[in-house]
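One letter stands for each residue in the lines below.
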Amino acid sequence: MSTPRLRHRPQLEEEDASALKLGPEFNNAGCLLISEVKYLLENRDKDAPDTPVYNKTLDYVKTFAKFNTTEAASAVRETLRREPALTQFETAQIANLCPADADEAKSIVPSLVKLDDDRLQALLDEIQTLRKFQS
């Protein structure tokens, strides 16, 4: 009879959103803005489920969507896409939370410390302008 071998399990990396370590299932995942989810749910086929989870999700996105039109949400996404240092997660967080200034943005999304305050503030100002003048 042979002796059982101990297998060494690979050390799993601890998840830490502040360092953008979201877990392996999120490594290649795209991130939607709440406003985009709102559009998708509101424009589903007539086969949209009438379940408590679906209805609560729809209520949530209607409450917290920052941009009323798909054009405004697309403009914000394009604005943030011009900054190559931003990940999809950071882009979605900035667009969903709409922080007023660079310090606030860095306090709620710690990984943004990699950006210069002036460059980040310019992006935030542009987003606030888009939000203000959306139709």
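Up top is the structure these notes are about.
Because the structure is a prediction, the values reported are computed rather than measured.

A.B. asks: Could you give me a rundown of the nonpolar core, with the residues and numbers involved?
C.D. replies: Counting 20 residues, the largest nonpolar core has Phe67, Leu80, Leu86, Ile94, Leu112, Leu120 and Ile127 as its most contacted members. Secondary structure elements with two or more residues in this core: helix H3 (70–81), helix H4 (88–97), helix H5 (102–108) and helix H6 (117–132). Residues contacting Leu80, with those up to four places away along its chain left out, are Leu86, Thr91, Ile94, Ala95, Leu123 and Ile127. Judged by nonpolar contacts, the second largest core, of 6 residues, contains Ile34, Tyr54, Val61 and Ala65.

A.B. asks: Account for H4, naming residues and giving values.
C.D. replies: Among all positions of H4, only Glu90, Thr91, Ala92, Ile94, Ala95 and Asn96 are buried. On its buried face, H4 is in contact with helix H1 (34–42), H3 and H6. Positive phi appears at Cys98, one or two residues downstream of H4, with a value of about 50 degrees.

A.B. asks: Requested: an account of the packing of aromatic side chains, with residues and values cited.
C.D. replies: Inspection of every chain in the model, using the stated rule, returns 1 aromatic pair. Between Tyr60 and Phe64, the aromatic rings sit 4.7 Å apart at their centres with planes inclined by 45 degrees, giving tilted as the arrangement. Separated by 4 residues within a single helix, Tyr60 and Phe64 lie in helix H2 (residues 52–64), roughly one turn from each other. A residue is classified by how much of its surface remains accessible, and Tyr60, at 46% relative accessible area, is partly exposed. By relative accessible area, Phe64 is classed as partly exposed at 41%.

A.B. asks: Which residues make up a negative patch on the surface, and what values go with them?
C.D. replies: A cluster of acidic side chains, namely Glu14, Glu15, Asp16 and Glu25, defines a negative patch on the protein surface. Following the sequence through the fold, Asp16 ends up in the segment before H1.

A.B. asks: Give me the pattern of salt bridges: which residues, what numbers.
C.D. replies: Scanning the entire structure with this criterion turns up 7 salt bridges. Two residues, Lys106 and Asp117, come together in a salt bridge whose shortest N-O distance is 2.4 Å. Taken together, the residues span a long stretch of sequence, with Lys106 in helix H5 and Asp117 in helix H6 at a distance of 11 residues. For Lys106, a relative accessible area of 18% puts it in the buried group. Asp117 gets classed as partly exposed once you look at its relative accessible area, which sits at 36%.

A.B. asks: Please set out the environment of Lys62 residue by residue, giving values where relevant.
C.D. replies: Within the secondary structure, Lys62 is located in helix H2. Spatially, the C-alpha atom of Lys62 lies 8.0 Å from that of Ser35, the residues being 27 residues apart in sequence.

A.B. asks: Please give an account of the packing of H3 against H4 that cites residues and values.
C.D. replies: Between H3 and H4, whose axes approach to 10 Å, the crossing angle comes to 135 degrees. Classified by the angle between their axes, H3 and H4 sit oblique to one another. When you trace H3 past H4, the crossing you get is right-handed. The residues of H4 that touch H3, namely those facing Val76, Arg77 and Leu80, are Thr91, Ile94 and Ala95. Of the residues that constitute the contact of H3 with H4, the class distribution is 4 nonpolar, 1 polar and 1 charged.

Thresholds applied
Residues numbered from 1 in each chain as written. Predicted model: local features only at pLDDT ≥ 70, side-chain atom pairs only at ≥ 80, totals over all residues. Heavy atoms only, no water. Core = buried A, V, L, I, M, F, W, Y, C linked by side-chain atoms within 4.5 Å. Buried < 20%, exposed > 50% of the residue type's maximum accessible area, 1.4 Å probe, protein only. Helix = DSSP H or I, 4+ residues; strand = E, 2+ residues; numbered from the N terminus. Contact = heavy atoms within 4.5 Å. Phe/Tyr/Trp six-rings, centres within 6.5 Å; stacked < 30°, edge-to-face > 60°. Patch = residues over 30% accessible without salt bridge, like charges linked within 9 Å, V, L, I, M, F, W, Y side chains within 5 Å. Areas by Shrake-Rupley, 256 points an atom, 1.4 Å probe, with all protein chains shown as cover. Salt bridge = Lys/Arg side-chain N within 4 Å of Asp/Glu carboxyl O. Lys, Arg positive; Asp, Glu negative; His and termini not counted. Charge placed at Lys NZ, Arg CZ, Asp CG, Glu CD. Axes fitted to C-alpha atoms, helices over the stretch in contact; angles between N-to-C directions. Parallel < 35°, antiparallel > 145°, perpendicular 65-115°, else oblique. Left-handed = near helix turned anticlockwise from the far one by under 90°. Nonpolar A, V, L, I, M, F, W, Y, C, P; charged D, E, K, R; others polar.

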